[in-house]
Structures are given as structure tokens and as C-alpha cells.
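Chain and residue survey
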Amino acid sequence: MDFEQENTVWVIGHKNPDTDSICAAIAYANLQNQIGDTVYEPKRAGNLNEETKFVLRKFEAAVPAYVDDVRTQVKDIAFRRTVGVNSNISLKKAWELMSTSKVVTLPIVGDKNELVGLIVNGDIAKSYMDVLDRGILADARTPYRNMIETLNGTVLVGNEHGRFTKGKVILAANSLPMMEESIEQDDLVIIGDRESMQRCALKHNASCMVICGGTQVAKDIMAEAEDKECVVISTPYDPFTVSRLITQSMPIKKFMKRNNLVKFETEYFVDDVREVMSKVRHRDFPILDPDGNYVGMISRRNLLNMQKKRVVLVDHNEKQQAVHGISNADIVGIIDHHKIGSLETPVPVMFRNQPVGCTSTIIYQMYLENGVEISKKMAGLMCSAIISDTLLFRSPTCTEMDKQAAMKLAQIAQIDMERYADEMFRAGSNFQAKTTEEICYQDFKTFTIDKFQFGVSQISAMSRDELEEVKRRILPYLETIMSERKLQMVFVMLTDIYNESSEVICMGDGADEALIRAFRKQKVNDGYRLRGVVSRKKQLIPELLDALQYVIHKTEIQ
């Protein structure tokens, strides 16, 4: 979200998104874009599972862009869009640009707008300390056009696009013998109207003559200068002024900083930028886009004008389930059908939470409330989400409102729900091409009791045989899940959709005790068979939470 697009709101579901999480984000963003001026964009906080991919392909819906962090980034700040300058401009021109723009730093860019260096006003001031080095103009390979610009001059002879690359700068004295002693080949001579001095400079093969006071130059002298390839520049300034100004014609590349530049990219997070700024006492810092091109400058003051990312959360309201950095985002709304969780907001927000089986059921109601026509695509997405979350109305979380919404949406989407649900569930239970990690995390949620954290994954399939194969692969991976997610326990719910039952496998100290206490079942072949249990939200988690409270309390006493 660029700062120019501060009127944008991201709609995003939970990590490890399921079909409802994705479809609800798309459908709600579509609704809001039809009823208001704010731009809503659906996003996702994780990879799509196979079921969701099937749904999006079926209804030709674009996959929401992936977002892994919603903290404020540099691109969310109103930084200065200072134009980069060419490394060949003069010190005088650079100083004028700084004064006009009221800045102390100029970014220097190449032909493709890539950052090549920086120059600050202190670098320009330092350059004036080297005026005793009469060879500095040649060492800087000063372009003649810089001299012309700095001295308000005119080229009488020679190529203004050339450079002064050899020799020193001398100010011709009134004494011709003294000049004869000091001038050498390739020197640049600052000279007045005395033709004898001009001829002396040409005799010694000076590479450039700067004629002061707007003096007319004899035709034969100009002809000889052209023959000897000596550049002749006429300026209205007197010799003293020219000698003082000419060092300002040097290109800034001679004095710019090239190495160890402290720079930031637009994608950098402001927290990281602020930390660097606290250690590096520069006033301004360059900003690059992801391709390395220069885009502007940022200072500490700009950090005061941060535009937090604005987000609407769908299908969750637990902090640990939300995309990373949610505490640093501006939450403007929450639409969910789960228990109220741990998220806090500094100000009141639109919070719609209803005891239905699917978030998309709520969003369907919002379409009706706002009188917005539901397209075939949106109907297909929302209907798919309801079918998925309610296991085609088999889940105890399913309400009459879910059924009525799904039937209306199925009519608009022109689908046979029974046949379509079978296709969708089969697409989701195709585990052959998936890694064990993908299977475990495709519908994984983390829960917290005080400081105790546990994870619950739900994996649904069309048959017991499919689940047995999944179980064989997952059992050795449970320890990895606990380690990766830093959990005290992990539970995996293997749900047989058509037989309306689940087997739960687990790992962690006290996990078995919690399941036995919750469901009064004993372990059989590494798992707990729970007939009629298909809902994680309504049937597993409430019972498990009560049992875990007991197990945790018991452990603390011991």
C-alpha cells in the first residue's frame, strides 16, 4: 500500500487459510467496493489448500495476494519525492538545488535511476578547502559546460561537451615573463584582454583560455586556438571572481559519497528503519524500490507521519491466528463466527460476530442488507465456503441460516450442491501430491490458555482409508510441529466427512490426559476415536479447553 493509496483497506483471513477465510475476504472486499469510495483489497496470510484452489478455479476468481506482515513499511510514509541528480552537475548547481529545495542532501543517480551516491552540503563546503590544489579541476575531469554555467560564459572556440582533464589552473599575471615561467602545456589559463598573454597561452599549448570581462577576442587568435584545439570561453566576470568561482564548476562525482551508503527500501518495516536511524546520525536517507531504483528521501521527521495499514479481519479474532504485525496495523473491522478472542483495538471498530457455521453466511446477509446484487462468481465462492465450513451441513456448527444462505447462493451460482460438494471435498482430500508439512498446516490454528499454547490441525477426507495413510505420515511429524511453533501440545483432528466422525492424535506432556478427561475415551492405535465429532470449533475446542485448564492447574501444583 503506497502512501498515495492511503484510502485502501486490506481484507484478510487467518494464517493457514481455509476456504471460508479466502472466500470471505474476496466477497467482503467486493461488497465494500460497490457501496463506498474506499478501495478494499482481499489478501491471504498463507498458502491455499487444494480445496480452496479448486473453488477459485471453478469460479474463475483471482488468488488474493500473499501478505506475511502488516506492520507499517517505508512505502506507507509520506516521504519526500526528491528528484535524483546526475553526477556531472557542478558543485554550484548542487548548492543551488539544496538551497531552493531546502535540503542538505542530494541523491545522485545513474542513467537508469539507480542510486550511485550522495552529497551533503558539508561535502561542498569541504571542496572549497582544496582550492590551493591547482590541479583539482583536471583531477575532477570538469566538463567545460559546467564552467560555462558557473561563469555565465559563452564558448567562442571548441567543444563545450569536452572535459578539462590535464594541467593546472593559473591566473595570468600582469607580467608576461612571470607567465612564461608558470604556464605549461594543457593548463587552463584565466586571462584578461591583453593579446600578448593570450598568444603566450597558445604558444605553450594551453588546453583552455577563460577570457574575462567580456573582452572581444581577435579573429586570428581564435583561429590559432581552433587550430591548436584550445577551448576559449568568454565570461563577463573579472579575473578575481572567475578564480573564485571556477572551482565550483567541478562535478559532484568528485566529492560524493559512494560506499557504505545507509539506504532503505520501500518494503522495509518502519520499526527496523527507526532502529538504524537511532544509530546513524544522518539527517536524510535515500529510499529505493524493490528493483534498486531511487524513489525519494526520508528523515526522522517523516516517521511522525506514518500511515498504518488499514485492515479488516475475517474468519478470526485471535491475535495468534492473525497475520504477523497485526498489533501495529489499524484494524477497522472484524467479521467472524468464532468465540471472541484475544485481539484488542485502541478505538471502537465495526465488529460483527454471529453464532453461525461460516463467516460467508454473515457476508451473504450483508449483501442483502445493502441491497447489492450477488454475481454468479460471488455466490459460488460464498456457497463453497459454507459447504466447506459446515461439511455440507453435517457439522453441529451449522445453523438454519447457513442452510438457507447456501441454497440461495447455489441457485445463483447454478450448482448442484451435493454433486459439487463431493467434487470439492475430493479435491481437498487429494494428499498424494502434498508434503507432510502442507497437510498438517493446511488448516492449523493456535490457541492460548494464559501463557500455555497448543495447536490444533483439522484434516478432512472422504474415507477412512485416506485418513489412515495421512495418520501414518503425520505421527512422526508431530514433534517437528511442536518445535517449529514453540507449542506445549499439538492435536491433529482427522475427520471422516461422510461417516461424521474424527480420530484425534496428539503429542505433548499432558495431551493424552486432556483428551481422556475431555471425551472419556481410551487411545486405540495411537489415536482417540470420536464418533459424531466433526467440528473443531464447537465440539473439540470447548471440551479440550476445560480439560486443559485442569491438566495445567494440576501440573502447576505439582
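Preceding this paragraph is the structure being described.
For the structure given in this document, a descriptive report is provided here.

Definitions and cut-offs
- Residues numbered from 1 in each chain as written.
- Predicted model: local features only at pLDDT ≥ 70, side-chain atom pairs only at ≥ 80, totals over all residues.
- Heavy atoms only, no water.
- 1 Å grid on protein atoms, 1.4 Å probe; cavity = no way out; pocket = protein on both sides within 12 Å on 5 of 7 lines; lining within 4 Å.
- Points joined across faces, edges and corners; volume = space filled by probe spheres on them.
- Helix = DSSP H or I, 4+ residues; strand = E, 2+ residues; numbered from the N terminus.
- Phe/Tyr/Trp six-rings, centres within 6.5 Å; stacked < 30°, edge-to-face > 60°.
- Buried < 20%, exposed > 50% of the residue type's maximum accessible area, 1.4 Å probe, protein only.
- Lys NZ or Arg CZ within 6 Å of the ring centre and 35° of its normal.
- Pairing = 2+ DSSP bridges.
- Axes fitted to C-alpha atoms, helices over the stretch in contact; angles between N-to-C directions.
- Contact = heavy atoms within 4.5 Å.
- Salt bridge = Lys/Arg side-chain N within 4 Å of Asp/Glu carboxyl O.
- Polar contact = N/O pair within 3.5 Å; in protein donor to acceptor, adjacent residues only side chain to side chain.
- Core = buried A, V, L, I, M, F, W, Y, C linked by side-chain atoms within 4.5 Å.
- Lys, Arg positive; Asp, Glu negative; His and termini not counted.
- Left-handed = near helix turned anticlockwise from the far one by under 90°.
- Nonpolar A, V, L, I, M, F, W, Y, C, P; charged D, E, K, R; others polar.

Here we take up empty space enclosed by the protein. In total, this model carries one cavity of 30 Å³ or more according to the counting rule given. There is about 450 Å³ of room inside the largest cavity. Ser-388, Asp-389, Asp-443, Gln-458 and Ser-460 are, among the 28 residues lining the largest cavity, the residues nearest its centre. Breaking the lining of the largest cavity down by element, the ones donating at least two residues are helix H2 (50-58), helix H13 (376-390), helix H15 (417-428), strand E20 (452-461) and helix H20 (536-557).

Centre-to-centre distance and the angle between the planes together describe a pair of aromatic rings. Within this structure, the stated rule accounts for eight aromatic pairs. Centre to centre, the rings of Tyr-441 and Phe-444 are 5.3 Å apart; their planes meet at 85°, and the pair counts as edge-to-face. Owing to a relative accessible area of 2%, Phe-444 belongs among the buried residues under this scheme. When the ring of Phe-454 is compared with that of Phe-491, the centres are 6.1 Å apart and the planes differ by 90°; the resulting orientation is edge-to-face. Taken as a pair, Phe-454 in strand E20 and Phe-491 in strand E21 (residues 489-496) lie far apart in primary sequence, 37 residues in all. Of the two residues, Phe-454 and Phe-491, neither departs from the other in class, the shared state being buried. One aromatic cluster is present, formed by Phe-54, Phe-59 and Tyr-420 through successive ring pairs. If you follow Arg-71 out to its NZ or CZ, it ends over the ring of Phe-269, 4.0 Å from the centre.

The strand order E19-E20-E21-E22-E23 describes an open sheet built from five strands, whose pairing is mixed. What marks the edges here is a single partner per strand, and that holds for strand E19 (444-449) and strand E23 (528-531). For this sheet, the mean inter-axis angle between neighbouring strands, taken without regard to orientation, is 25°. Sitting on the sheet, helix H17 (residues 464-474) is in contact with E20, E21, strand E22 (501-507) and E23, with an inclination near 160° to E21.

This brings us to the pattern of salt bridges. Taken as a whole and assessed by the stated rule, the structure comprises 30 salt bridges. Put simply, Glu-267 and Lys-75 hold a salt bridge, and the shortest N to O gap is 3.2 Å. One end of the pair, Glu-267, is in the loop between strand E13 (264-265) and helix H11 (270-279); the other, Lys-75, is in the loop between strand E3 (65-66) and helix H3 (91-101), with 192 residues separating them in the sequence. With relative accessibility at 31%, the residue Glu-267 sits in the partly exposed group. Given a relative accessible area of 15%, Lys-75 falls into the buried group.

This paragraph deals with the layout of surface pockets. Computed from the structure, the largest pocket encloses a volume of approximately 760 Å³. Lining the largest pocket are 32 residues, with Asn-16, Gly-46, Asn-47, Tyr-441 and Gln-442 positioned closest to its centre. For the lining of the largest pocket, the elements supplying multiple residues, two or more each, are H2, helix H16 (436-441) and E19.

All right, on to the pairing of E19 then. Most of E19 is tucked away: five of the six residues are buried. Of the pairings in the sheet, the one linking E19 to E20 comprises six bridges and is antiparallel in character. Following the sheet pairing, Phe-444 is matched in E20 by Ser-457.

Turning next to the environment of Tyr-294. Along the polypeptide, Tyr-294 turns up in strand E15 (residues 294-298). With relative accessibility at 4%, the residue Tyr-294 sits in the buried group. C-alpha of Tyr-294 to C-alpha of Lys-263: the two residues are 31 residues apart in sequence and 9.8 Å apart in space. Among residues more than four places away in sequence, those in contact with Tyr-294 are Thr-82, Val-83, Gly-84, Pro-107, Val-109, Asn-113, Leu-115, Pro-286, Ile-287 and Leu-288. One polar contact links the side chain of Tyr-294 to the main-chain carbonyl oxygen of Thr-82, over a distance of 2.6 Å.

Once that is clear, we can look at the nonpolar core. One finds Tyr-28, Tyr-367, Leu-381, Met-382, Ile-387 and Phe-425 to be the most contacted residues of the largest nonpolar core, which totals 55 residues. Listing elements by their share of this core, those giving two or more residues are strand E1 (8-12), helix H1 (19-35), H2, strand E16 (310-314), helix H12 (359-369), H13, helix H14 (400-413) and H15. Per-element accounting of this core gives the leading share, nine residues, to H1. Setting aside its immediate chain neighbours within four residues, Ile-387 contacts Leu-392, Met-417, Tyr-420, Ala-421, Met-424 and Phe-425. In this structure, Leu-137, Cys-208, Cys-212 and Val-231 belong to the second largest nonpolar core, which totals 34 residues.

Another point: the side chain of Asp-496. The topology assignment puts Asp-496 in strand E21. For the buried residue Asp-496, which engages in no salt bridge, the nearest side chain bearing the opposite charge is Arg-464, 5.2 Å off. Among the polar contacts listed, one links the side chain of Asp-496 to the side chain of Asn-499, at a separation of 2.7 Å. Those residues in contact with Asp-496, other than ones at most four positions away along the chain, are Ala-461, Met-462, Ser-463, Arg-464, Leu-467 and Ser-501.

Bringing the packing of H13 against H14 into the picture now. Packing of H13 against H14 leaves a shortest axis separation of 8 Å and a crossing angle of 145°. At the point where H13 passes H14, the crossing takes the left-handed sense. On H14, the residues that touch Lys-376, Ala-379, Gly-380, Met-382, Cys-383, Ile-386 and Thr-390 of H13 are Asp-402, Ala-405, Ala-406, Leu-409, Ala-410, Ile-412 and Ala-413. In terms of residue class, the contact of H13 with H14 is made up of ten nonpolar, two polar and two charged.

Among all positions of H2, only Glu-51, Thr-52, Phe-54, Val-55 and Leu-56 are buried. Lining the buried residues of H2 we find H1, H13 and H15. Directly beyond the C-terminal end of H2, a positive phi value near 50° is found at Glu-60.

Moving on, we get to the sheet that holds E13. In spatial order, the strands read E13-E14-E15; together these three strands make up an open sheet with mixed pairing. On the outer flanks of this sheet lie E13 and E15, each paired with one strand and no other. Inspection of the sheet shows E13 paired to strand E14 (residues 285-288) by two bridges, in the parallel sense. Bridging from a neighbouring strand, Phe-264 pairs with Ile-287 of E14.

Purely geometric numbers; function is a separate question.
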